[in-house]
Amino acid sequence: QKEVEQDPGPLSVPEGAIVSLNCTYSNSAFQYFMWYRQYSRKGPELLMYTYSSGNKEDGRFTAQVDKSSKYISLFIRDSQPSDSATYLCAMSASGGYQKVTFGIGTKLQVIP
Amino acid sequence: GAVVSQHPSRVICKSGTSVKIECRSLDFQATTMFWYRQFPKQSLMLMATSNEGSKATYEQGVEKDKFLINHASLTLSTLTVTSAHPEDSSFYICSAPGVGGTAYGYTFGSGTRLTVV
């Protein structure tokens, strides 16, 4: 079983839709949770990060962590064609210079 | 914000040759650099961690003699793929912790697409 499971998609939605991206994990030691966006042939860029359980909102993006279910989500409101990219969840057991485990990434396409 | 410059972005080399990939932190000092490999339809896999002034730490299954890592200064880390073979063709990405060194602030390079023919 992989430590982090993520549906690779692709996920196609119309412009303006609410997008829900999810990951599950098996390692209960994970406490730091991140979402990265990766455009084709580019390195990932950090979108959101959360510590432990709870919600965090930043503009059109909301990250949720449910440690009891080992489940994290990223919601994108009013999706735009420019949001079309691959979204990777990532997790770490601690801060500092610690190993980060990535999901496979979900490819999202927002259709105008 | 923190920027990691990675070069080259794309390289095609013949089997048996060596390829060097450079990552530079442009506006901050990176005492640590993480090197990842990403195969198509697979997640980023950590290969090794380089630390300025000391030997790199390699993940299990990664050949240290094949993937030579050098962290020559606080702003430069290099990965050399020696005697490259077609199975080494992949997307290689470096990443450095941001200011404060927390897992939150990892900054990635733009990646290097290596094709070995």
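Residues numbered from 1 in each chain as written. Chains lettered and ligands numbered in written order. Predicted model: local features only at pLDDT ≥ 70, side-chain atom pairs only at ≥ 80, totals over all residues. Heavy atoms only, no water.

## A word on the overall build of chain B
Put simply, the test is: Secondary structure elements are defined from DSSP: runs of H or I of at least 4 residues count as helices, runs of E of at least 2 residues count as strands, and each element is numbered from the N terminus. Exposed residues in this analysis have more than 50% of their type's maximum accessible area, buried residues have under 20%, and partly exposed residues fall in between, with area computed by a 1.4 Å probe over protein chains only. Only the protein chains shown count as cover for residues, and all accessible areas are computed by the Shrake-Rupley method using a 1.4 Å probe.
The helix and strand tally for chain B stands at zero helices and eleven strands. Reading chain B from its N end, one meets helices and strands in the order β-β-β-β-β-β-β-β-β-β-β. Seen through its principal axes, chain B has C-alpha atoms that stretch 40 × 25 × 25 Å. Expressed as a percentage of its 117 residues, the buried residues of chain B come to 51%. Working note: accessible area of chain B is about 5500 Å², and carbon and sulfur atoms make up 52% of it.

## Structural notes on the pattern of salt bridges
Residues and elements named next belong to chain B. Worth spelling out the cut-off: Salt bridges are defined as contacts in which a side-chain nitrogen from Lys or Arg sits within 4 Å of a carboxyl oxygen from Asp or Glu.
On inspection of all chains with the given rule, the structure shows five salt bridges over all chains. Of the charged contacts in the structure, one is a salt bridge between R24 and E22, with a shortest N-O distance of 3.6 Å. The partner of D88 in a salt bridge is K66, with the nearest N and O atoms 2.8 Å apart. One end of the pair, D88, is in the loop between β8 (76-81) and β9 (90-96); the other, K66, is in the loop between β6 (54-58) and β7 (67-73), and 22 residues separate them in sequence. With respect to class, D88 is no different from K66; both count as buried.

## What to know about the packing of aromatic side chains
Remark: the centre distance and the inter-plane angle together describe each pair of aromatic rings, the angle taken between the planes. The cut-off we apply is this: Stacked, edge-to-face and tilted are the three classes for Phe, Tyr and Trp ring pairs, Trp counted by its six-membered ring, which pair at centre distances within 6.5 Å; planes under 30 degrees apart are stacked, over 60 edge-to-face, the rest tilted.
Applying the stated rule across the entire model yields nine aromatic pairs over all chains. Summarising the aromatic geometry, the rings of Y32 of chain A and Y51 of chain A are spaced 5.0 Å apart at their centres and angled 50 degrees between planes, so their arrangement reads as tilted. Residue Y32 of chain A is located in strand β4 (residues 32-38), and its partner Y51 of chain A is located in strand β5 (residues 45-51); the two are separated by 19 residues in the primary sequence. Assessed through its relative accessible area of 44%, Y51 of chain A is described here as partly exposed. A network of ring pairs unites the aromatic residues Y36 and F102 of chain A together with Y36 and F108 of chain B as a single cluster.

## Some details on the sheet that holds strand β7 (residues 61-66) of chain A
All names here are of chain A. What counts, and what does not: If DSSP finds at least two bridges between two strands, the strands pair.
Spatially, β1-β3-β8-β7-β6 is the arrangement adopted by the five strands of the open sheet, whose pairing is antiparallel. Strands with a single pairing partner mark the edges of an open sheet, and in this sheet they are β1 (4-5) and β6 (54-58). Sheet topology note: the β1/strand β3 (residues 19-25) ladder contains two bridges and is antiparallel. Each residue of the ladder has a partner; that of E5, found in β3, is T24.

## Section: the state of the cysteines
As a reminder of what qualifies: Throughout, disulfides are identified as pairs of cysteine sulfur atoms within 2.5 Å of each other.
This structure, assessed with the given rule, holds two disulfides over all chains. Put simply, C23 of chain A and C89 of chain A are joined by a disulfide, and their sulfur atoms are 2.0 Å apart. Its torsion about the S-S bond being -100 degrees, the disulfide of C23 of chain A and C89 of chain A is classed as left-handed. With C23 of chain A in strand β3 and C89 of chain A in strand β9 (residues 85-92), this pair connects stretches of sequence that are 66 residues apart. Looking at C23 of chain A, the relative accessible area reads 1%, which means it is buried. A relative accessible area of 0% places C89 of chain A in the buried class. A sulfur-sulfur separation of 1.8 Å characterises the disulfide bridge that pairs C23 of chain B with C94 of chain B. Across the disulfide from C23 of chain B to C94 of chain B, rotation about the S-S bond amounts to roughly -95 degrees, and the bridge is consequently left-handed. Placement of the pair is C23 of chain B in strand β3 (residues 19-25) and C94 of chain B in strand β9, with a sequence separation of 71 residues. Exposure class is identical for C23 of chain B and C94 of chain B. Each is buried. The structure places no disulfide on C13 of chain B, whose sulfur is separated from the nearest cysteine sulfur, that of C23 of chain B, by 17 Å.

Remember, this is a structural readout, not a statement about activity or role.
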